Amino acid sequence: MKHLFSCLKTYRTEAVLAPLFKLLEACMELLVPFVVKAVVDHGIADGNKSYIIYGCLILAAFGVVGLAFALTAQYFAARAAVGTSAELRSRLFAKLQSFSYSQIDGTGTAAMVARMTSDVNQVQTGVNMTLRIFLRSPIVVFGATAMAFVTDARTALVFLAALPLLIAVVVAIMAAGIPLYRRVQGKLDRVYGSVRDNLTGVRVIRAFCKEQDEIEEFSARNGELCRQQKLAGKISALMNPLTFVIVNAAAIALVYFGALRIDGGKILQGDVIALYSYLSLILVELVKFASLIFTITKAISCEKRIGAVLDVSGEPEVTQDAVSEREQPSMQYAAEFRGVSFTYSGGGAPALQGIDFSVRRGETVGILGGTGSGKSTLVNLLPRFYSATEGSVLINGKDVEAVPYRDLRQTVAVVPQKAVLFQGTIRSNLLWGNAGATDEELETAVRIAQAEDVVKAKGGLDGEIAQEGKNLSGGQRQRLTVARALVQKSEILILDDSSSALDYATDAKLRAALKELDRTLFVVSQRASSVRHADKIIVLDDGKIAGMGTHEELSEACALYREICASQEREGV
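Residues numbered from 1 in each chain as written. Predicted model: local features only at pLDDT ≥ 70, side-chain atom pairs only at ≥ 80, totals over all residues. Heavy atoms only, no water.

(A) Molecular detail of the side chain of T506. Here T506 is to be found in helix α19 (residues 504–515). Apart from the residues lying within four places of it in its own chain, the contact partners of T506 are Q450 and R479. (Helix = DSSP H or I, 4+ residues; strand = E, 2+ residues; numbered from the N terminus. Contact = heavy atoms within 4.5 Å.)

Structure, rendered in structure tokens:
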């Protein structure tokens with residue numbers, strides 16, 4: 001709960017004023033039966049019209065003042081709840097931005113979406129209801145009981161008999177229902193995950209005609225959620241009938257004993273009316289309080305799930321002081337891998353083993369290998385998207401683990417396998433690489449990336465880009481992501497299979513244009529033709545280096561390289 005209370009600190013004034021005004025409203029409510037009793041006993045019974053009018057005016061004043069108190073309390077409670085949830089959501093988003101690739105993989109996209117939407121909304125509802133009801137309901141229950149004893153202690157003994165039964169019913173239903181509501185939240189996560197997978201993979205689902213299978217799987221998950229919700233709902237639905245049975249039984253006893261007391265001249269009719277009103281107040285408040293407990297339980301469960309994410313240590317930042325304290329090797333190489341091995345969390349076998357090589361400044365390095373050979377994993381270690389489990393990766397003679405990640409990622413620009421563009425314009429997407437870039441710099445990057453025709457077709461740099469770049473072809477998206485990386489003007493540029501959707505002519509032009517740049521270039525590809533002219537080609541097989549050298553050297557010394565080239569030549573690749 002520390003994160004919730006930390007966010008609520010900003011709204012401590014509202015958090016105090018909301019329950020305070022609710023308590024004032026409760027006081028108004030507790031006084032109403034007392035006034036009604038006086039009107040009945042002294043106004044109606046005596047035929048005193050002025051007394052009745054006076055009493056009605058007091059009741060009207062109580063209603064207006066109580067309404068004002070209630071609205072004020074609601075305003076402060078809503079302000080505190082909405083502000084707290086907004087801060088909690090902001091912290092979640094900021095934490096997500098600090099996660100490493102491994103942490104993002106472990107948390108899961110669907111889980112994070114659930115935390116930032118339904119979980120935060122549940123916390124918001126919990127805070128709102130707690131500020132309005134948590135103190136009010138107990139005060140009304142015990143205040144009504146006290147007022148009943150003030151009215152007539154003998155008849156009020158009925159309250160002492162009914163109150164423990166009411167509390168026992170509420171506690172029993174809460175004890176049975178709370179664990180079920182926790183299970184419901186877990187089932188809800190699975191439904192969110194199913195929806196996300198279907199929305200992101202809709203094209204694949206349609207391509208393989210798997211709509212019916214997905215409908216059946218979703219129906220199963222949704223059905224399980226529905227069953228859990230119904231079970232929890234059935235148990236919580238017992239609250240009203242059971243409490244009403246107890247209260248109605250108490251009301252019968254109250255009227256019976258009250259009538260006897262009236263016949264004996266001990267109390268007046270107004271006293272019985274007041275006692276019945278207080279009994280009704282207790283019933284209403286206990287039902288409200290039980291509903292609040294269910295809401296608080298769900299909110300606490302959601303807050304714990306949010307807290308589990310916020311308590312995860314994000315990607316560690318490194319200060320310049322830490323860099324100076326580390327050993328400073330030779331600055332001869334732009335990048336070095338020294339005995340590097342890497343294993344994904346829960347991945348079992350290492351994805352990379354014993355990687356050793358160095359790259360001089362300005363060299364072009366080709367990374368070639370089959371699917372799952374570790375190509376993308378290798379280049380992801382350079383900008384420290386993942387940290388090597390063994391060995392060290394160096395950029396400009398500095399261990400990447402000792403370089404502030406903002407500096408590191410200014411030095412290394414990456415064009416990922418999946419070409420990701422954001423809703424906006426071509427200009428806004430390219431400026432991600434360098435917010436201060438001029439139009440001339442943007443146009444130069446576009447020209448080198450062979451994307452001039454794309455920009456022209458969209459009406460210039462201010463052409464609209466749909467969400468995820470869905471109004472562009474795969475090749476157009478790839479070229480624009482290359483242009484975005486070029487705008488960054490980083491010393492090292494990584495192209496992670498980022499020309500797979502390009503035709504051979506465009507791919508060749510792109511490689512020739514990039515060759516003219518004074519940058520260290522890593523080209524990851526499954527095409528031998530894409531890396532043939534690299535200064536150094538690294539052939540990976542099952543996470544290990546199977547060969548390293550130029551095209552001519554590997555053609556003579558590396559059987560796997562020859563096999564790849566021969567198979568692609570046969571297939572015309």
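Back to the write-up after that little detour.
(B) Representation of unusual backbone geometry. The backbone of N396 sits at a positive phi, close to 50 degrees, despite the residue not being glycine. Checked against the element boundaries, N396 lands in the loop between β4 (390–395) and β5 (398–399). A relative accessible area of 12% means that N396 is categorised as buried. Although it is not a glycine, Q450 sits at a positive phi angle of roughly 60 degrees. Among the secondary structure elements, Q450 is positioned in the loop between α16 (439–448) and α17 (452–457). (Buried < 20%, exposed > 50% of the residue type's maximum accessible area, 1.4 Å probe, protein only.)

(C) Structural view of the sheet that holds strand β11 (residues 536–541). The 6 strands lie next to each other as β6-β9-β10-β3-β11-β12, forming an open sheet whose pairing is mixed. Either end of the sheet is taken by a strand with one partner, and the two such strands are β6 (412–415) and β12 (544–549). Taken over all neighbouring pairs, the strand axes of this sheet differ in orientation by 15 degrees on average, direction set aside. Alignment of strand β9 (residues 492–496) against strand β10 (residues 520–525), held across 5 bridges, turns out to be parallel. If you follow L495 over to β10, its bridge partner there is V523. Each of β6 and β9 is contacted by helix α18 (residues 474–487), which is oriented at about 175 degrees to β6, the strand it contacts most. (Pairing = 2+ DSSP bridges. Axes fitted to C-alpha atoms, helices over the stretch in contact; angles between N-to-C directions.)

(D) Structural context of helix α9 (residues 211–237). Given a rise of 1.5 Å per residue, 27 residues ought to cover 39 Å, and the 37 Å separating the end C-alpha atoms of α9 matches this to within 8%. Of all the positions in α9, only G223, L225, Q228, A232, I235 and S236 are classed as buried. Contact partners of the buried residues in α9: α7 (157–200), α10 (239–263) and α11 (269–310). (Expected span 1.5 Å × (residues − 1).)

(E) Geometry of the pattern of salt bridges. Summed over the entire model, instances satisfying the criterion amount to 26 salt bridges. When the shortest N-O distance is used, the salt bridge between E14 and R79 registers 2.7 Å. Residue E14 is located in helix α2 (residues 12–44), and its partner R79 is located in helix α3 (residues 49–98); the two are separated by 65 residues in the primary sequence. For the salt bridge of K515 with D535, the shortest nitrogen-to-oxygen distance reads 3.4 Å. Taken together, the positions of K515 in helix α19 and D535 in the loop between α20 (528–531) and β11 put the pair 20 residues apart, joining distant regions of the chain. Overall, K515 belongs to the partly exposed group, its relative accessible area being 40%. Counted as one network, the salt bridges with shared partners bring together K22, E25, E29, R136, E285 and K288. (Salt bridge = Lys/Arg side-chain N within 4 Å of Asp/Glu carboxyl O.)

(F) Looking closely at the environment of L166. The residue L166 is located in helix α7 in this model. What makes L166 buried here is its relative accessible area of 2%. A sequence separation of 31 residues divides L166 from L135, and the C-alpha atoms of the two residues are 18 Å apart. Dropping the residues within four chain positions of it, L166 is found in contact with T243, I246, V247, I282 and L286.

(G) Main features of the state of the cysteines. Scanning all chains against the criterion turns up 0 disulfides. Unpaired in this structure, C558 has its nearest cysteine sulfur neighbour in C565, at a distance of 9.1 Å. Take C558: its relative accessible area is 4%, and that puts it in the buried class. (Disulfide = S-S within 2.5 Å.)

(H) Structural detail: the packing of α7 against α11. Between α7 and α11, the least distance of the axes is 9 Å, while the angle of their chain directions is 25 degrees. The angle between the axes of α7 and α11 places the two elements in the roughly parallel class. At the point where α7 passes α11, the crossing takes the right-handed sense. In terms of residue class, the contact of α7 with α11 is made up of 17 nonpolar, 5 polar and 4 charged. (Parallel < 35°, antiparallel > 145°, perpendicular 65-115°, else oblique. Left-handed = near helix turned anticlockwise from the far one by under 90°. Nonpolar A, V, L, I, M, F, W, Y, C, P; charged D, E, K, R; others polar.)

(I) Region of the structure containing the environment of V287. Mapped onto the fold, V287 is located in helix α11. Among all residues touching V287, those that are not within four sequence positions of it are N240 and T243.

(J) Expanded view of the packing of helix α6 (residues 136–151) against α7. Following both chains from N to C, one finds α6 and α7 inclined at 155 degrees, their axes separated by 9 Å at the closest point. In this view, α6 runs roughly antiparallel relative to α7, as classed from their interaxial angle. Mapping the contact onto sequence places V141, T145, A148 and F149 in α6 and L157, F159, L160 and L163 in α7. Of the residues assigned to the contact of α6 with α7, the class counts are 7 nonpolar, 1 polar and no charged.

(K) Representation of the nonpolar core within the structure. Within the largest apolar cluster, 42 residues are counted, with the highest numbers of intra-cluster contacts made by L480 and L493. Take this core: its biggest share by element is 6 residues, from α18. Those residues in contact with L480 that sit more than four places away from it in its chain are L421, I426, L430, A451, V454, V455, I465 and L472. Counting 39 residues, the second largest nonpolar core, distinct from the first, contains M147, L180, L254 and A290. (Core = buried A, V, L, I, M, F, W, Y, C linked by side-chain atoms within 4.5 Å.)

(L) Molecular detail of a nonpolar patch on the surface. Together, Y256, F257 and L260 give the surface a local cluster of nonpolar side chains, amounting to about 330 Å² of exposed area. Structurally, the position occupied by Y256 is in helix α10. (Patch = residues over 30% accessible without salt bridge, like charges linked within 9 Å, V, L, I, M, F, W, Y side chains within 5 Å. Areas by Shrake-Rupley, 256 points an atom, 1.4 Å probe, with all protein chains shown as cover.)

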